[in-house]
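Observations on the model geometry
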Amino acid sequence: METTFRLSGGGGGDGGDYGDDDELELGLGLSLTSAAYAPSSNGALSSQVVGWPPVKTYRMNSLVNQAKFSKNEEEKGVGGNDGSKKKKKNSNKNDEKMVKETGHSGFVKVNMDGLPIGRKVDLNAHDCYETLAQALEIMFLKASSSIRREKQQHSRLLDGSSEFVLTYEDKEGDWMLVGDVPWRMFLGTVKRLRIMKTSDANGLAPRYQEKNQKPKSKQLELRR
Amino acid sequence: MVYSLPEEVLEHVFSFITLDKDRNAVSLVCKSWYEIERWCRRRIFVGNCYAVSPSIMTRRFPEVRSVELKGKPHFADFNLVPEGWGGFACPWISEMSRAYPWLEEIRLKRMVVTDESLELISTSFKNFKVLVLSSCEGFSTDGLAAIAANCRNLRKLDLRESEVMDLSGHWLSHFPNTCTSLESLNIACLGSEVSFSALERLVGRSPNLKILRLNRAVPLEKLSTLLCRAPQLVELGTGAYSSGIRSDVYSSLSKAFLGCKELKGLSGFWDVDPSYLLAFYSVCSRLTSLNLSYATIRSPDITKVISQCPNLQRLWVLDHVEDSGLNAVALSCKDLRELRVFPSDPYIADANVTLTEQGLVSVSEGCPKLQSVLYFCRQMSNSALITIARNRPNLICFRLCVIEPRAPDYLTLEPLDVGFGAIVEHCKELRRLSLSGLLTDRVFEYIGRHAKRLEMLSIAFAGNSDLGLHHVLSGCDGLRKLEIRDCPFGDKALLANVAKLETMRSLWMSSCAVSYGACKFLSQKMPMLNVEVIDENGSLDSRFDSCPVEKLYIYRTVAGPRSDMPGYIRTIDRDRVNTIS
C-alpha cells in the first residue's frame with residue numbers, strides 16, 4: 001500500500017521515557033527481558049501501574065471481599081456447629097460494614113493539596129503501605145504512569161523526605177499520619193486519604209496507642 | 001414516470017427494518033423517505049452521548065420508545081478516567097421526559113445518573129417497561145425506590161455492575177402488590193441486604209419472571225425458597241453460595257433446582273463452598289451459560305461441573321480452572337461460543353495456578369464454534385497464537401491480556417508480533433482485538449494490512465514509533481473505537497490521518513507522546529471533532545505547544561464542544577490560538 005507519508009523508523013520521538021525502546025528495533029528483544037519483564041522478588045508486579053491489568057473495578061472489589069471472607073474462615077476455623085456460623089455472619093457483616101464506610105469496598109478518595117481533582121485508589125490492591133504510597137506517587141506526583149521507574153527502596157511520601165506527606169481521615173473524623181498503625185487496622189479505619197504539604201501538617205497525630213490517651217488538640221492540625 | 005407508495009405502506013415496510021445502519025440508509029434515499037422514517041423510528045442508540053445533543057435527537061425522531069446511551073470512554077472501567085469527567089444522564093432524561101411521554105425503555109452504560117433523574121423517569125413515562133443501568137453511578141437505593149413505586153408496568157430492572165449508594169434494603173418493598181409484570185431483575189451489584197420477605201413476595205407474584213440475579217447478601221439457605229416460587233426461571237444469579245455443612249440446605253436446594261425445568265443460565269456463586277456445587281447437577285445438561293467468575297474454587301471442582309455441561313455456549317471462569325479444566329471444556333463443550341478467563345490474583349507476578357497458553361490452545365482445538373475470547377494469563381508464545389489462529393478462523397472477538405506489560409514470547413523471548421499477526425490474518429471477521437505482551441511496530445503493520453473488519457482495538461505498552469499508529473489509522477477501514485495507553489505514539493501519525501478520525505466514534509490516548517500543539521492543529525483542521533485534553537495537574541493554561549498531553553479524547557460530534565466539563569478538561573477551541581475553559 002503506497003503512502004506518501006514517511007516516518008523515520010526511529011525510536012519514540014519526543015518521549016524521553018521511551019527512548020530506550022530503540023533496543024526493540026533489532027527485533028531481538030533480548031535486552032528487554034532483564035529490565036521490564038523480571039518479576040520482583042516479593043512476587044508483586046515489577047511496578048504497580050494504574051488500571052493494569054485491565055480488570056473492572058467491580059470485579060476486583062468482589063474478589064477482594066471474598067478473599068477477606070475466606071481468610072476470616074481460615075483464621076476462625078470452619079465447622080458445622082452454630083458457633084462457627086455465627087462467626088461467619090460477623091465476618092460478612094464486617095465486609096458489609098467496610099462496603100458502607102468506604103462507599104464501595106476498597107476504593108477511597110484521594111485528594112492532593114494544590115490539585116482540584118481527586119482520584120480513587122483501591123486499597124484492596126495493596127497489602128502494605130509501601131505499595132500504596134508508590135501507587136499514589138505514580139498517580140499524583142508524576143505526569144504519566146510509566147512502567148519504568150527507578151527502583152525505589154522506600155516511598156518518599158512515607159519517609160518524610162518529600163515535600164508532601166500522606167495522611168488519612170479515620171472513622172472518627174480525625175486526620176492521622178499514614179503508616180503509624182498496622183496495615184489491617186488502617187484498612188478497617190480509613191475513610192479517605194489526603195496528600196498534604198509537609199509544611200501544612202502540624203502536630204502530626206501520634207501513634208495509635210497514644211492517641212487514646214492524649215487529648216484531641218494533639219491531633220493533626222490542618223491549615224485549611 | 002413518477003410514482004410513490006402511500007405513506008402507510010412505506011411505514012409498514014420500514015417497520016421490518018430494525019438495524020440502525022439500514023434505517024439510516026433508508027432515510028437518505030429521498031426527502032419523503034427521510035420524513036416517513038423519522039416519524040416511525042422507535043429505537044435510538046447513541047454510542048457516545050456527546051456526539052449528539054438530546055434536543056437534536058428529539059427534534060428529528062419524535063416517536064421514540066427505546067433509547068440507549070453510552071457515556072464514559074471504555075478505559076473508565078480501569079480507573080483511567082478521572083472523577084467528574086462527565087457522562088451525565090440528567091440532560092437526556094429531562095429532555096426525554098418532555099418529548100417522549102410514551103417512552104418504554106432506557107438503557108444507559110457508563111453514565112452518571114442521579115436519584116432525581118430516576119424519580120423523573122418513574123413519573124414521566126406512563127408505560128415505562130425497561131431500565132438497564134450498566135456500570136453507572138451517582139444514584140442510591142432511594143432512586144430505585146421511586147422506580148419500584150411508580151412504574152406500574154415495569155418489566156426489567158437491571159443494575160448490572162453499577163455503583164449504587166446503598167442506603168437500605170427497603171427500596172424493594174416499594175414495589176406495590178399490584179405489580180406483577182416483572183420479567184427480569186438484576187440486583188447483583190448491591191452491597192447490603194434487601195428485605196427478603198419483600199423479595200420473596202415480589203418473586204411470588206411475578207409469573208413472567210425469567211431472569212433473577214441476586215446479590216451476595218441473599219444467603220444460600222433462602223435460595224430454595226425463591227426457586228420454589230419461580231420454577232419458570234431461565235437465568236439465575238445466586239447470592240452467597242455457602243452455608244456451613246448442612247445436609248438439609250443441600251437437599252432442599254437440589255430439590256428446588258430439579259423443579260426449574262427452564263433454567264439455562266447460572267451466575268453468582270460468591271464465597272463458594274464446593275460441597276454445594278452439584279446441588280444444581282440436574283440443570284447442568286441444559287445449561288447454555290455459566291458464570292463462575294466469582295467462584296474461587298479450585299480446578300478439580302470446576303472440572304467436575306464443566307464436564308456435566310455439554311450444551312454450554314458461554315463460560316466465564318477464573319484462572320483457577322487451569323489448563324486441566326480447559327482441557328475438559330475442549331472435550332465436553334462442543335457448542336462453546338464464548339470463553340472468558342479472569343485472573344484470580346492480578347497483582348501477583350507468579351500466581352499459584354497452572355493456567356498457561358495451553359488452555360486456550362486446547363479450547364481453540366476442541367470447540368469449533370468458539371468466536372469470542374477474553375483470556376488473562378501469565379505467559380504466551382507466538383507458536384500458541386499461530387495455532388489458535390489456524391484452529392479458529394471464525395473468531396470475532398479476541399482479547400488477550402498477558403499480565404506483565406511487555407512480556408515477550410516466553411519460549412523465544414521475541415515480541416509477539418508474529419502471533420497476533422497470525423490472528424488478524426486468519427480471522428478475517430475479527431471485530432474486536434485487545435493486544436498485550438511485547439509488541440513492536442511490526443504487529444501494527446500486520447493489523448493495518450489484514451484487520452479490515454476490525455471495529456475496536458485496545459493497545460497498551462506497545463509499539464516503537466508513530467509508524468505503528470499510522471499503520472492502524474491508514475489500514476483498518478472499519479475502525480470505530482481506538483483506545484491506547486502508554487505507547488510511544490506522537491503527533492505524526494495523528495496529523496497524517498486527520499480525515500480518518502471523523503470516520504471513527506472515538507480515540508483515546510493516555511500516557512503517549514502527543515503534543516498540545518498537535519491537538520490545537522487537529523482541532524482547527526477538523527470542526528466536526530471535539531479534541532479534549534485532560535490534565536489532572538491543572539496546568540492547562542501554561543501549556544506550551546511542545547508539551548505532551550496526559551490524556552486525550554477525540555470524538556466526532558454534531559453537538560459542538562460540551563459545556564459540562566470539570567476544570568481539568570479542555571476542548572481545544574478551534575477558533576482561537578489560546579484555549580479557554
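Predicted, not measured: the structure shown is a model, and the values here were computed from it. (Residues numbered from 1 in each chain as written. Chains lettered and ligands numbered in written order. Predicted model: local features only at pLDDT ≥ 70, side-chain atom pairs only at ≥ 80, totals over all residues. Heavy atoms only, no water.)

**Digging into the side chain of B:Ser434**
Within the secondary structure, B:Ser434 sits in strand S17 (residues 432–434). Excluding its chain neighbours within four sequence positions, the residues that come into contact with B:Ser434 are B:Phe398, B:Arg399, B:Leu400, B:Phe420 and B:Ser458. (Helix = DSSP H or I, 4+ residues; strand = E, 2+ residues; numbered from the N terminus. Contact = heavy atoms within 4.5 Å.)

**Notes on the nonpolar core**
Counting residues in each nonpolar core, the largest one holds 207 residues, and the members touching the most others are A:Phe186, A:Leu193, B:Tyr241, B:Phe280, B:Phe398, B:Ile447 and B:Leu482. Of all the elements, helix H4 (residues 129–141) of chain A adds the most residues to this core, at 6 residues. Among residues more than four places away in sequence, those in contact with B:Phe398 are B:Leu360, B:Val373, B:Leu385, B:Ile388, B:Phe420, B:Ile423, B:Leu430, B:Arg432, B:Leu433 and B:Ser434. (Core = buried A, V, L, I, M, F, W, Y, C linked by side-chain atoms within 4.5 Å. Buried < 20%, exposed > 50% of the residue type's maximum accessible area, 1.4 Å probe, protein only.)

**Re the environment of B:Phe196**
Of note, B:Phe196 is situated in helix H8 (residues 196–204). We classify B:Phe196 as buried; its relative accessible area is 14%.

**Remarks on the sheet that holds strand S1 (residues 107–112) of chain A**
All names here are of chain A. The 5 strands lie next to each other as S2-S1-S5-S3-S4, forming an open sheet whose pairing is mixed. Since the sheet does not close on itself, it has two edges, and those belong to strand S2 (119–122) and strand S4 (175–177), each with one partner. Averaged over neighbouring strand pairs, the angle between their axes works out to 35 degrees when direction is ignored. Pairing between S1 and strand S5 (residues 190–197): 4 bridges, direction parallel. (Pairing = 2+ DSSP bridges. Axes fitted to C-alpha atoms, helices over the stretch in contact; angles between N-to-C directions.)

**Remarks on helix H3 (residues 31–40) of chain B**
Those residues of H3(B) that fall on the buried side of the exposure criterion are B:Ile36, B:Glu37, B:Arg38 and B:Cys40. Looking at the packing, one finds that the buried side of H3(B) touches helix H1 (7–14), helix H2 (20–27) and helix H4 (54–60) of chain B.

**Observations concerning a nonpolar patch on the surface**
All names here are of chain B. A contiguous nonpolar patch, built from Leu 5, Val 9 and Val 13 and spanning about 230 Å² of accessible area, is present on the exposed surface. Residue placement: Val 13 occurs in helix H1. Given the relative accessible area of 40%, Val 13 is considered partly exposed. (Patch = residues over 30% accessible without salt bridge, like charges linked within 9 Å, V, L, I, M, F, W, Y side chains within 5 Å. Areas by Shrake-Rupley, 256 points an atom, 1.4 Å probe, with all protein chains shown as cover. Salt bridge = Lys/Arg side-chain N within 4 Å of Asp/Glu carboxyl O.)

**Quick word on the state of the cysteines**
Residues and elements named next belong to chain B. Under the definition given, this model contains 0 disulfides over all chains. Between Cys 260, a free cysteine, and Cys 228, which holds the nearest cysteine sulfur, the sulfur-to-sulfur gap is 7.6 Å. You can call Cys 260 buried: its relative accessible area is 0%. Cys 487 supplies the cysteine sulfur nearest to Cys 476, a cysteine that is in no disulfide, at a spacing of 14 Å. (Disulfide = S-S within 2.5 Å.)

**A few points about the pattern of salt bridges**
Residue and element names in this part refer to chain B. With the rule as written, the count across this model stands at 33 salt bridges over all chains. Across the pair Glu 137 and Lys 72 runs a salt bridge whose closest N-O atoms are separated by 2.5 Å. On the criterion of sequence distance, the pair formed by Glu 137 in strand S5 (residues 137–140) and Lys 72 in the loop between strand S2 (66–70) and helix H5 (90–99) is long-range, its members being 65 residues apart. Among the residues examined, Glu 137 registers a relative accessible area of 23% and is labelled partly exposed.

**A closer look at the packing of aromatic side chains**
Applying the stated rule across the entire model yields 25 aromatic pairs over all chains. Ring plane angle 75 degrees and centroid distance 5.7 Å describe the contact between B:Phe444 and B:Phe489, whose orientation is recorded as edge-to-face. Of the two residues, B:Phe444 sits in helix H17 (residues 441–450) while B:Phe489 sits in the loop between strand S19 (481–485) and helix H19 (491–496), which places them 45 residues apart along the sequence. Each of the two residues, B:Phe444 as well as B:Phe489, counts as buried. In textbook terms, an aromatic cluster arises when at least three aromatic residues are bridged by ring pairs, as seen for B:Tyr50, B:Phe75, B:Phe78, B:Trp85, B:Trp508, B:Tyr553 and B:Tyr555. Directly above the aromatic system of B:Phe342 lies the positively charged group of A:Arg59, at a separation of 3.5 Å from the ring centroid. One Lys or Arg, B:Lys222, reaches over the ring of B:Phe196 and ends 4.9 Å from the middle of that ring. (Phe/Tyr/Trp six-rings, centres within 6.5 Å; stacked < 30°, edge-to-face > 60°. Lys NZ or Arg CZ within 6 Å of the ring centre and 35° of its normal.)

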